[in-house]
Amino acid sequence: MAEKLLTREKGFSEWYVDVVLKAKLADYSDVKGCMVIRPNGYAIWENMQRVLDKMFKDTGHRNAYFPLLIPESFLRKEAEHVEGFAPQLAVVTHAGGKKLEEAYVIRPTSETIINSMFSRWIQSYRDLPLLLNQWANVMRWEMRTRLFLRTTEFLWQEGHTCHETEKEAEDETLKMLEVYRAFAEDYMAMPVLAGRKSDSEKFAGALRTYSIEAMMQDKKALQAGTSHALGQNFAKAFNTQFQGRDGKQAYVWQSSWGVSTRLIGGLILTHSDDAGFVAPPKLAATHVVIIIIGRTPEERGPVREKAHALAADLKKAGLGVIVDDDESKGPGFKYFEYELQGVCLRVELGPKDLAKEQVVMVRRDTRQKDFVPISQAVAHAEGMLDQMQKDLFAKAKKLRDDSTFEVNSYDELKAKADAGFMLAHWCEDPACEARIKEETAATTRNRPFTLEQKPGACVACGKPSPGRIVFSKAY
RNA sequence: CGGGGCGUAGCGCAGCCUGGUAGCGCGCCUGCCUUGGGCGCAGGAGGUCGCAGGUUCGAAUCCUGUCGCCCCGACCA
């Protein structure tokens with residue numbers, strides 16, 4: 001790992017790939033379009049899972065698991081759904097040495113197979129609401145892939161719920177979007193806009209789709225999570241009915257919502273720098289690395305002892321800690337290596353520090369260097385991590401806010417297409433949306449709930465618009 | 001599917017045009033030395049040159065075919 005990392009200035013997307021590979025987050029596999037998530041990357045995913053899973057449980061959901069293979073006929077039952085996913089399906093046609101009677105598709109999402117079970121499990125309004133979540137892998141055959149951001153197979157969670165009324169289902173849809181917003185901002189330190197997607201951007205088979213949208217360092221948007229109001233579309237396709245309080249049969253109202261390992265890509269594109277990966281403390285795999293410095297065994301012995309004692313204290317405080325006692329590599333080498341891998345804090349501990357009863361503590365993102373009495377090391381580390389979490393969010397938010405503009409003409413929209421988020425009036429005609437995409441490469445991201453809606457004139461055609469929507473280039 | 005590129009040691013590459021003992025850097029192993037921002041020295045291990053045919057006395061190199069991957073455009077979390 002002797003070569004330097006590419007810089008963002010020189011080529012943003014090459015830099016991104018370089019960070020992923022050199023920080024050992026993931027690697028290309030021998031399967032086209034598929035990646036291997038390495039321990040450094042998987043640890044981040046495990047932390048995300050742990051936090052999100054608790055949030056789902058706290059909002060009343062339970063985990064379940066459904067099959068990877070879905071009978072092809074299931075997908076066909078919902079017309080819009082199959083049309084949307086058909087180009088991306090991988091299909092199993094042979095098994096056990098024979099051609100199958102009916103082919104199976106490898107799940108691109110699980111609405112259909114889950115509904116096939118819902119229809120068996122639900123009889124009465126007393127069975128509702130039914131609130132499930134599944135952690136799983138899915139497969140979507142993509143034309144063009146990018147590590148974490150878009151791969152053929154990826155890991156995600158998909159929530160699937162059934163409700164008695166449309167309002168309840170809608171409330172659930174928005175509640176889970178809010179869970180995603182809170183997770184993105186409070187844990188990933190990634191500011192997002194929560195809002196509604198345009199019809200052309202909505203999930204195949206949904207009535208309405210909502211998303212959280214983040215701005216990456218190159219000012220392009222990343223859709224970081226989606227929540228769908230499915231209405232009764234799948235319920236009708238699978239006959240998922242219940243007997244209501246009035247004694248009549250009715251179709252359930254449903255929601256579904258998901259986030260994926262794409263979030264790890266979002267984390268990288270939001271916080272990392274020319275020295276490598278930067279992880280927000282709340283999701284970091286390793287919070288502290290203690291580097292032992294010393295020339296001779298006489299010097300290293302006491303330092304080592306102190307380092308392990310400190311590591312134990314830090315672990316007791318709930319932090320992820322590594323003690324690096326490898327004598328075959330110099331300290332300088334290690335500084336670069338751990339910065340590359342995104343360890344939040346570096347503690348340097350050598351003979352000079354022992355003499356002064358102190359440690360040197362360096363923050364990954366700012367390289368702020370503090371000399372701290374050993375007795376206060378744990379508290380100081382916690383303080384630095386806390387501040388780092390806040391600062392990462394503030395920095396990302398400033399970039400986004402500084403790169404968000406109101407645009408009032410088509411010329412302006414064309415001119416600012418690379419400058420960030422553009423708030424523009426749109427008449428809701430898909431033709432205008434398509435034309436803008438064609439001519440500027442910017443697409444509608446969502447209509448943020450926080451953006452006050454006042455009527456205006458569509459930037460493309462001049463017809464009345466109900467309010468501004470976010471346009472941006474996107475991943 | 002269209003356009004471009006690449007397959008030679010774990011990684012990055014040279015060699016190919018003009019056929020003749022398979023090389024360099026990094027990494028790895030051993031020993032010594034060093035350690036507060038990518039140490040140094042010495043020795044060493046490691047490759048059916050993507051695969052299959054063909055031309056030739058002889059192919060990494062020339063020809064044909066084939067497979068795979070990456071990058072750029074049209075679908076998507």
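Residues numbered from 1 in each chain as written. Chains lettered and ligands numbered in written order. Predicted model: local features only at pLDDT ≥ 70, side-chain atom pairs only at ≥ 80, totals over all residues. Heavy atoms only, no water.

### A closer look at the overall build of chain A
Next, step 1: Helices and strands together make up the secondary structure of chain A, namely 14 helices and 26 strands.
Next, step 2: On C-alpha atoms alone, chain A measures out to a radius of gyration of 25 Å, which is about the 23 Å that the 2.2 N^0.38 rule sets for 475 residues.
Next, step 3: Viewed in the frame of its principal axes, chain A has a C-alpha envelope of about 80 × 60 × 45 Å.
Next, step 4: In chain A, which comprises 475 residues, the proportion classed as buried is 55%.
Next, step 5: Put simply, of all contacts in chain A between residues at least 6 apart along the chain, 68% involve residues at least 24 apart.
Next, step 6: Surface summary for chain A: the accessible area is close to 21,400 Å², and the carbon and sulfur share equals 51%. (Helix = DSSP H or I, 4+ residues; strand = E, 2+ residues; numbered from the N terminus. Rg over C-alpha atoms; globule rule 2.2 N^0.38 Å. Buried < 20%, exposed > 50% of the residue type's maximum accessible area, 1.4 Å probe, protein only. Contact = heavy atoms within 4.5 Å. Areas by Shrake-Rupley, 256 points an atom, 1.4 Å probe, with all protein chains shown as cover.)

### Some details on the protein's contact with RNA strand B
Next, step 1: Taken together, 38 residues sit near RNA strand B, with K32, R144, T151, R262 and D353 positioned nearest.
Next, step 2: For RNA strand B, the backbone makes up 41% of the atoms found within 4 Å of the protein, where backbone means sugar plus phosphate.
Next, step 3: Taking R262, its side chain carries an N or O atom lying 2.2 Å from a sugar or linking oxygen of RNA strand B.
Next, step 4: One of the side-chain N or O atoms of R300 is found 3.3 Å from a base nitrogen in RNA strand B.
Next, step 5: Only α10 (331-341), β17 (345-349) and α11 (351-356) provide two or more residues apiece to the surface near RNA strand B.
Next, step 6: With seven residues, α10 is the largest single contributor of residues to the surface near RNA strand B.
Next, step 7: By residue class, the composition of the surface near RNA strand B is 13 nonpolar, seven polar and 18 charged. (Near = heavy atom within 4 Å. Polar contact = N/O pair within 3.5 Å; in protein donor to acceptor, adjacent residues only side chain to side chain. Nonpolar A, V, L, I, M, F, W, Y, C, P; charged D, E, K, R; others polar.)

### Quick notes on the domain arrangement of chain A
Next, step 1: Splitting chain A by domain gives domain 1 (12-271), domain 2 (288-384) and domain 3 (404-472).
Next, step 2: Relative to domain 3, the C-alpha centre of domain 2 lies at a distance of 50 Å. (Domains from an automatic or database assignment.)

### Some words on the nonpolar core
Next, step 1: Ranked by size, the top nonpolar core spans 78 residues in total, and within it M48 and I290 carry the most contacts.
Next, step 2: Three or more residues apiece are contributed to this core by two domains, here domain 1 (12-271) and domain 2 (288-384).
Next, step 3: Apart from the residues lying within four places of it in its own chain, the contact partners of I290 are A307, L310, A311, L314, V321, I322, V323, D324, V347 and L349.
Next, step 4: V105, I114, Y125 and A206 belong to the second-largest nonpolar core, a separate cluster that totals 25 residues. (Core = buried A, V, L, I, M, F, W, Y, C linked by side-chain atoms within 4.5 Å.)

### A look at the pairing of strand β19 (residues 369-373)
Next, step 1: Only one face of β19 is buried, namely the one carrying D370 and V372, since none of K369, F371 and P373 on the opposite face is buried.
Next, step 2: Relative to β19, strand β18 (residues 358-363) runs antiparallel, the two being bridged by five bridges. Across the sheet, Q358 pairs through a bridge with P373, a residue of β19.
Next, step 3: From the end of β18 to the start of β19, which pair antiparallel, there are five residues, and R367 there has a positive phi angle of about 60 degrees. (Pairing = 2+ DSSP bridges.)

### A short note on a nonpolar patch on the surface
Next, step 1: A cluster of nonpolar residues, Y65, L68, L69 and Y104, forms a patch on the protein surface that exposes about 360 Å² of accessible area.
Next, step 2: Mapping Y104 onto the fold places it in strand β6 (residues 98-106). (Patch = residues over 30% accessible without salt bridge, like charges linked within 9 Å, V, L, I, M, F, W, Y side chains within 5 Å. Salt bridge = Lys/Arg side-chain N within 4 Å of Asp/Glu carboxyl O.)

### Quick look at the sheet that holds β17
Next, step 1: Spatially, β16-β15-β17-β18-β19 is the arrangement adopted by the five strands of the open sheet, whose pairing is mixed. Since the sheet does not close on itself, it has two edges, and those belong to β16 (321-324) and β19, each with one partner. This sheet shows a mean twist of 25 degrees between the axes of neighbouring strands, independent of strand direction.
Next, step 2: Sheet analysis places β17 next to β18, joined by four bridges and oriented antiparallel. Looking at β18, one finds that L345 is bridged to R363.
Next, step 3: Packing against the sheet, helix α9 (residues 297-316) makes contact with β15 (288-292), β16, β17 and β18, and its axis sits at approximately 170 degrees to β15. (Axes fitted to C-alpha atoms, helices over the stretch in contact; angles between N-to-C directions.)

### A word on the packing of α9 against helix α12 (residues 377-402)
Next, step 1: Packing of α9 against α12 leaves a shortest axis separation of 9 Å and a crossing angle of 50 degrees. Judged on the interaxial angle alone, α12 and α9 are oblique. The way α9 lies across α12 gives a crossing that is right-handed. Each of L310, D313 and L314 in α9 lies in contact with α12, whose residues at this interface are A377, V378 and A381.
Next, step 2: A breakdown of the residues in the contact of α9 with α12 according to their chemical character gives five nonpolar, no polar and one charged. (Parallel < 35°, antiparallel > 145°, perpendicular 65-115°, else oblique. Left-handed = near helix turned anticlockwise from the far one by under 90°.)

### Points about the side chain of T152
Next, step 1: With respect to the helices and strands, the residue T152 is situated in the loop between β7 (130-139) and β8 (153-163).
Next, step 2: Using a relative accessible area of 2% as the deciding quantity, one classes T152 as buried.
Next, step 3: Those residues within four positions of T152 in sequence are excluded, and the remaining contacts are K32, G33, C34, V138, M139, R140, W141, E142 and T145.

### Considering helix α2 (residues 39-58)
Next, step 1: With 20 residues, α2 extends 28 Å from end C-alpha to end C-alpha; this agrees with the ideal 28 Å at 1.5 Å per step.
Next, step 2: Turning to α2, its buried residues are G41, A43, I44, W45, N47, M48, Q49, V51, L52, D53, M55 and F56.
Next, step 3: Just downstream of α2 lies G60, where phi reads positive at about 95 degrees. (Expected span 1.5 Å × (residues − 1).)

### Comments concerning the packing of α2 against helix α6 (residues 166-186)
Next, step 1: At their nearest, the axes of α2 and α6 sit 11 Å apart, and the two run at 145 degrees to each other. Here the hand of the crossing between α2 and α6 comes out right-handed. Here α2 contributes M48, V51, L52, M55 and F56 to the contact with α6, which in turn contributes M176, V179, Y180, A182 and F183.

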